Each structure stands twice: as C-alpha cells, then as structure tokens.
Amino acid sequence: ERTFCIDSHIGHSYVTCHWSPAIVSRWCGSAKSFFTSVTSSGKRRAQRCQCHLTSRRSTRDRLPLPACAARRHGVQLALPHRRCPPAQYRRSATTALCRGHKRLRSSSANKIMTMMRPNRSASSGVAMAGVSAPLVLALSCVLLLLLPAPTTAFKEHDFKNCATSSFCERHRERPDGATAAVYSVEGGAKAFAWHRGGAYTVATLTKAGEATTTTPLVLKLTCYADGVVRVHVEDPKKPRYAVPEVLVDDLDKKKTAFKSVSTAGDRTVLVTANPDVVVTVAHAPLRIAVSVRGVETMVFNARGLFNVELAQEAAAEGESWAESFNAHTDSRPHGPMAIAFDVAFPGAHHVYGIPERATSMSLKETKSGTDGAATSEPYRLYNLDVFEYLHESPFGLYGSIPMMLAHSLGSVGRSGPVTSAIYFNNPTETYIDVSKKVAEGARAAGDETEAHSHWMAESGAMDLFLIPGPTAPAVLRQYTAITGTTQMPPQFSLGYHQCRWNYRDEDDVAKVDAGFDQHDIPYDVLWLDIEHTDGKRYMTWDKNVFPTPQRMIEDVASRGRKMVTIVDPHVKKDPNYPIYKEAETKRYYVLKSDGGVIAHTLSS
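Residues numbered from 1 in each chain as written. Predicted model: local features only at pLDDT ≥ 70, side-chain atom pairs only at ≥ 80, totals over all residues. Heavy atoms only, no water.

Undergrad: Would you take a moment to explain the overall build of the protein chain for this structure?
TA: Check the secondary structure of the protein chain and you find nine helices and 29 strands. In the protein chain, buried positions account for 41% of the 604 residues. If you sum the accessible surface of the protein chain, you get close to 33,000 Å²; carbon and sulfur atoms cover 54% of it. (Helix = DSSP H or I, 4+ residues; strand = E, 2+ residues; numbered from the N terminus. Buried < 20%, exposed > 50% of the residue type's maximum accessible area, 1.4 Å probe, protein only. Areas by Shrake-Rupley, 256 points an atom, 1.4 Å probe, with all protein chains shown as cover.)

Undergrad: How should the pattern of salt bridges be read in this particular structure?
TA: Pairing between side chains of opposite charge can happen when their charged atoms approach one another. Tallied over the entire structure, the rule returns 26 salt bridges. Linking Arg 303 and Asp 176 is a salt bridge whose minimum nitrogen-to-oxygen distance equals 3.0 Å. Taken together, the residues Arg 303 in the loop between strand S15 (295-300) and strand S16 (307-308) and Asp 176 in the loop between helix H5 (166-172) and strand S6 (183-185) connect sequence positions 127 residues apart. Classification of Arg 303 by relative accessible area gives buried; the value is 15%. (Salt bridge = Lys/Arg side-chain N within 4 Å of Asp/Glu carboxyl O.)

Undergrad: Is there a simple way to think about the pairing of strand S9 (residues 217-223) in this case?
TA: Side chains on a regular strand alternate between the two faces of the sheet. Counting buried positions along S9 gives five out of seven residues, so the element sits mostly inside the fold. Summarising the sheet, strand S8 (residues 200-207) and S9 pair through six bridges and their orientation is antiparallel. Opposite Leu 205, over in S9, you have Leu 217 as the bridge partner. Taking the residues that link successive antiparallel strands as the turn, the S9-strand S10 (residues 229-234) hairpin has five residues, and the phi of Asp 226 there is positive, at about 70 degrees. (Pairing = 2+ DSSP bridges.)

Undergrad: Please clarify how the sheet that holds strand S29 (residues 562-565) should be interpreted in this entry.
TA: Picture the strands of a sheet paired through backbone hydrogen bonds; they go either parallel or antiparallel. The strand order across the open sheet formed by three strands is S27-S28-S29, and the pairing between neighbours is parallel. Edge strands, defined here as strands with exactly one partner in the open sheet, are strand S27 (497-498) and S29. Relative to S29, strand S28 (residues 525-528) runs parallel, the two sharing four bridges. Across the sheet, Val 525 pairs through a bridge with Lys 562, a residue of S29.

Undergrad: Teacher, can you tell me more about the environment of Ile 579 here?
TA: By the element assignment, Ile 579 lies in helix H9 (residues 578-585). Accessibility expressed as a relative area gives 29% for Ile 579, which makes it partly exposed. Spatially, the C-alpha atoms of Ile 579 and Arg 537 are 8.5 Å apart, while their sequence positions differ by 42 residues. Filtering out sequence-adjacent residues up to four positions away, Ile 579 remains in contact with Tyr 538, Met 539, Val 571 and Tyr 589. (Contact = heavy atoms within 4.5 Å.)

Undergrad: Sorry, what's going on with helix H8 (residues 549-557) here?
TA: The periodicity of an α-helix, 3.6 residues per turn, causes residues three or four places apart in sequence to face the same way. Where H8 is concerned, the buried positions are Pro 549, Met 552 and Val 556. For H8, the buried positions fall inside an angular range of 60 degrees around the axis, keeping them on one side. For H8, the elements touching its buried residues are helix H7 (506-518), S28 and S29. (Arc of directions from axis to C-beta.)

Undergrad: Just to check I follow, could you spell out the pairing of strand S12 (residues 267-271) for this structure?
TA: Here five bridges tie strand S11 (residues 260-264) to S12, and the two strands are oriented antiparallel to one another. In the strand pairing of S12, Ser 260 is matched with Val 271. Summarising the sheet, S12 and strand S13 (residues 277-282) pair through five bridges and their orientation is antiparallel. For Arg 267, the partnering residue across the bridge sits in S13 and is Ala 282. Where S12 folds back on S13, the antiparallel hairpin that results is connected by five residues.

Undergrad: Please explain the side chain of His 232 as it appears in this structure.
TA: Within the element layout of this structure, His 232 appears in strand S10. Those residues within four positions of His 232 in sequence are excluded, and the remaining contacts are Val 218, Leu 219, Lys 220, Ala 461, Met 462 and Asp 463.

Undergrad: It is not clear to me how the environment of Ala 191 should be interpreted in this structure. Could you clarify?
TA: Within the secondary structure, Ala 191 is located in the loop between S6 and strand S7 (193-195). Apart from residues lying up to four places away in sequence, Ala 191 is in contact with Val 185, Glu 186, Val 202, Ala 203, Thr 204 and His 283.

Undergrad: Would you mind showing me how to read the side chain of Asn 425 here?
TA: With respect to the element layout, Asn 425 can be found in the loop between strand S23 (418-424) and strand S24 (430-438). A polar contact is formed between the side chain of Asn 425 and the side chain of Tyr 423, at a distance of 3.2 Å. Once you skip the residues sitting within four places of it in the chain, Asn 425 turns out to touch Arg 230, Val 243, Val 246, Leu 247, Ala 461, Asp 463 and Phe 465. (Polar contact = N/O pair within 3.5 Å; in protein donor to acceptor, adjacent residues only side chain to side chain.)

Undergrad: Would you explain the confidence of the model for the protein chain in this entry?
TA: Any region with low pLDDT has predicted coordinates that should not be read closely. Taken as a whole, the protein chain shows an average pLDDT of 76; of its residues, 70% reach a score of 70 or greater. Across the protein chain, the secondary-structure element scoring lowest on mean pLDDT is strand S5 (residues 97-98), at 28, and the one scoring highest is strand S26 (residues 462-467), at 98. For residues 1-131, every residue scores under 50 in pLDDT, and the model assigns this stretch 215 contacts once sequence neighbours within four places are set aside. When the criterion is pLDDT under 50, residues 443-447 qualifies, and its contacts beyond four places in sequence or with other chains add up to four contacts. (pLDDT = per-residue confidence, 0-100.)

Undergrad: Explain the environment of Thr 471 here, please?
TA: Note on placement: Thr 471 falls in the loop between S26 and helix H6 (472-483). Classification of Thr 471 as partly exposed rests on a relative accessible area of 39%. With 52 residues separating them along the chain, Thr 471 and Thr 419 place their C-alpha atoms 4.9 Å apart.

Undergrad: Looking at this structure, how should I read unusual backbone geometry?
TA: Peptide bonds are trans in most cases, and residues, glycine excluded, mostly fall at negative phi. Note that the residue after Ala 284, namely Pro 285, is joined by a cis bond; omega there is -5 degrees. Relative to the helices and strands, Pro 285 resides in the loop between S13 and strand S14 (287-292). With an omega dihedral of 10 degrees, the bond running from Gly 469 to Pro 470 counts as a cis peptide bond. With respect to the helices, strands and loops of the structure, Pro 470 is situated in the loop between S26 and H6.

Undergrad: Quick question: what am I supposed to make of the packing of aromatic side chains here?
TA: Both the distance between ring centres and the angle between the ring planes are used here to describe each pair of aromatic rings. If you walk through the whole model with that rule in mind, you get 15 aromatic pairs. When the centroid spacing of 6.0 Å and the interplanar angle of 35 degrees are considered together, the rings of Tyr 423 and Phe 465 count as tilted. With Tyr 423 in strand S23 and Phe 465 in strand S26, this residue pair connects regions lying 42 residues apart in the sequence. Judged by its relative accessible area of 0%, Phe 465 falls in the buried class. An aromatic cluster of three or more residues is present, and its members are Tyr 183, Phe 300, Phe 306, Phe 341, Phe 424 and Trp 455. Here the guanidinium or amino end of Lys 220 rests over the ring plane of Tyr 200, the centre of that ring lying 4.3 Å away. Over the ring of Phe 492 we find Lys 562; its NZ or CZ atom is 5.4 Å from the centre of that ring. (Phe/Tyr/Trp six-rings, centres within 6.5 Å; stacked < 30°, edge-to-face > 60°. Lys NZ or Arg CZ within 6 Å of the ring centre and 35° of its normal.)

So this is what it looks like as structure tokens:
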C-alpha cells in the first residue's frame, strides 16, 4: 500500500499521488488538519484542501489530494504504509517517511522530486518561491512564447483521406436530395412480395435514367427476432462480394415472419415480429423508417443520398479506371463500384461507435448540421497500424467496426430515452460523415435534435441491419445475435499487460520483470515484440540474445505471469524459411490479379 506523492508548485501547492481507496477513505477526512500541520520556516499557514477519489492501487493515475495553497513554499511528501498515524510523519529533504519504514528506492521518483523542489540560490539561500506570483506568471508566459511550435510525428502523406479516395470525394459533396428522384420502388400496391413464410419481402428498385435494358436492383427486407430489420440491395446482374464468417452461422434460423405487410398508395407498412417495431417504406422517393411505439428512431435515405454505382464491362476508349496512391495501384476492373447511403436518427443527441480512433466517445460532427460545410475529415474505417497517431482526430486506427449507436434523452412525443443502432455488413474502406441539426418542424416542439450519418463505401454489398433497441442492453443483445458474442477471455488477459518495442535480451526482460516487484506494481502478462525472432521470422528465436527462451518463460511463469510472443499476419519472404514455403505451397497468401503473392518491404 506504499504510495508516492509530490507536492511542489510555485504560488500553489498540490499533491499528486497513487492512492488506494482504503487510504483515501482513511485520510481524506483529516486531510485538512494533517496538512495544516506541515510547516515551512516554522510558520503554520492556512490551507484549503479538497479530496478526490480515483482508482485502485493497481493503476498509476495521478490524483490531486489535497489541492492546498501552501503559498510560496514547495512541500514534498510521500505517504508510506497506511498504518502510520499522522503524528509519525516527519519532513525530509526529499521525502516524508514513516519512522522505521523502508525508504523509497525509485531513482526516477527521486529525480522527479528533485526537479519539483523549489530552486534556491546557492549564494543567498533565498527561495525562488519568494518571487511574486504575478512576476512568475509573466515569466512563464514569455518562456511559452519562446518555445518552438509543437510538431507532430504523424506521417499524413502515408495515409489516404477523402480527397485522395475518389469514391469519397464523389459522394461527400452531393447535396441533400441528390438521389431522391433516382431510386423508387416499382409495383404500387403489389410492390412487395412475401417469401418463405413472410420472413422477408422483396421489391424491385428502379434507377431513373438507366436504360430499359438495365437489370433493376432488388430491395430485400428481412425480419429477425426483437424487430431487427435487414436492408439488402442486390444487383442480380453482378452480385457484390459478401464477406463470409462475420455473421453467426445460424442467422437464417433467427428469421421471423413479418406479422403483416400492407400497401396504401406509395407507402408500404411492415409490422415486425416485435409489435412495437414497425417499418414504413415510402416508394418514391425511397425512404425506409423504423418506428418504435409509434415514434421514428431510424430513417434510411432520409436525405436522399443513397446511391449504388453499377459494375461496368469495359472502360471507354482512352479511359482508365485504375487509381493510384503512393506506390499502390488499384486496377478496378469493373470501374467505380461505390455505395453510399444516409441514416438519420430523429431525436438523437449523441451517436457512438465506428471504432477505433482517438477521439471522444460521443462522435463529433464532421459536417455542419446547419449549412453542410465540412468541419473535419470524415471518420474512416480502414484497419491501420498507426504508430504515431493524432489525438482528437476522426482518423482510423487498428480496428474497424461498422456499427453506429444513437441515443436520445427523450423529448416531446417520446416516452423516454431511446437507444438504437445500425450495423453495415461491408468490409471495404468506408468514410462516414456525422452531423446534427434541428429536425424539420421541430422548433415548435422543443427544438428536437436529429443526428445524421452519411456512409460512403468503396465497393462491396449494400447490407444494412437496423437495430431498434430501444434500450442500450437491448441493442447489445440484438447486435450480438447477428454477429455473435465475445468469447469468454482467460482470466489473466484481464490484468495489466506490459509491452514495448522492444526488449533487447533475456537480461532486459529479467530487469523489467523484477522492476514491477521492486515497485510493488502488479502485472499479469509480458509481451515480446518482433525483435525476439531470428531476422523477423515469426515462431523462431534469436539465439544470440534469447539463448534460453524456455528457461526465461518458466522464470516469468514462476511468479504467476504469462509471456506472449507476438505473431502478426505478415510472413518474411524467404525461400529458406519453412513457414513461408509452407504457406506459399498451400496458397495461403493474398494474391494479386496475376496470381503473384502480394509482398511489401518492411523497414527493419
């Protein structure tokens, strides 16, 4: 329970600590009386203290406890074992220790304390803290102005953005209603045909301006348990790639019949297996709305931005469909095949999801809801290993999950908060704009907010799940019924994992492992990055620096810890490397159009 604290600041004094809840609960009540007993130059000073609670001692969070005004003097404190009573505290040049307690041995901690100690003149012994606070503030501002401008290590030129992705650039600037008059449902009162006991309905979707010989698209609506609705648009002439092994194997068994399908005029109403969830399809222009208990919560094509670029047979003479970025070229043999659509969330104040990125949980606008002007890059779904990324950025990182969740706090006409979601079953590169605005006609009803999302995918299937909720637990249950639940992780994986690039040798590993014990920091897993291998060949060891890997692993395990050796999905191209040869023989690699293996040169 030993805890290290620092309290030193010119003008104001504060303590940053690593506390356990037990220590906080014991000392916060008497924090004021204890810290007012700390003196400088033999004088007591009135101090205002406040206490804040943070996480357990297994974390290393900084905690201001207390925020005290020890004016003009820096006080350095370390709170030792919780059994030490306040009377046994004493002041030291570097730390306050409990009598008989072992001195803190962290050299880095002592360095920090030395840096934080008020600077005193060697000749006069006058404390720097005696300088007036306004003067110190003025000097600090001058120093800040003299500092060089911050630089970023983010290599922007290595990654695509909307301007360098032609499909995003084409669709992002389209105004609302751009395709409203393009897509419509044919057939009037007989627009939708039931299939397989009413589990799904099919309608023909025509595209205005297309030649009469063009095969129409097929709109398919499927109903699942709890009122989940799947919107699938297919091109019978050129079926789109559908990613396998993402949806649960028994999804077909979860289909349930629509309770009723009725068409009146240019509108078809479908009641799902959950009578609280109703789907209304407007034929022209195409609009698909999900209502929960009579209130719309999700609207597909609300802004008329749905668009499907159809596959083509051959480019016109002198025209090329190929698109290049840096050294990579996409031949696009069937031409541009992008898909774009918009989904509105009436009444939603916040939208979440589409991880992974370094920004707020509640997704910020990328376009103004007032005038449609871009305020930032759109959110990008494209798996990347970004070593030096930007914070507060819509830029995508390691993972991409095309699931967006919306939440409303309740408003006029709504019984309470509503949570709903969409899942786009498409693995291709995708950009998403988010905007928020006051819904039409809502100003007289409390200025109801409406969140909008505009999805732009490079290619792939138009396969969208509308998840009605209406609560967050219900959304999670409905979503995992489609994609499956997370496998129960092993217990050790839930602890702290220590990893860096890279550990030099077995001695380095032993020192890091021992350091955690020395500083009483619990951890469960130690990771080795690629440098433990023989020349970056996975599932091998560099015998020069890791000569006894089994002994090393068993030593770490003797203290109840695990060791993980990294294996990434790239294999060194070396004909003498058995793993490479086996995968080549069995054709496991991603292949180019000419049948060759896609290979890249990695920096060492």
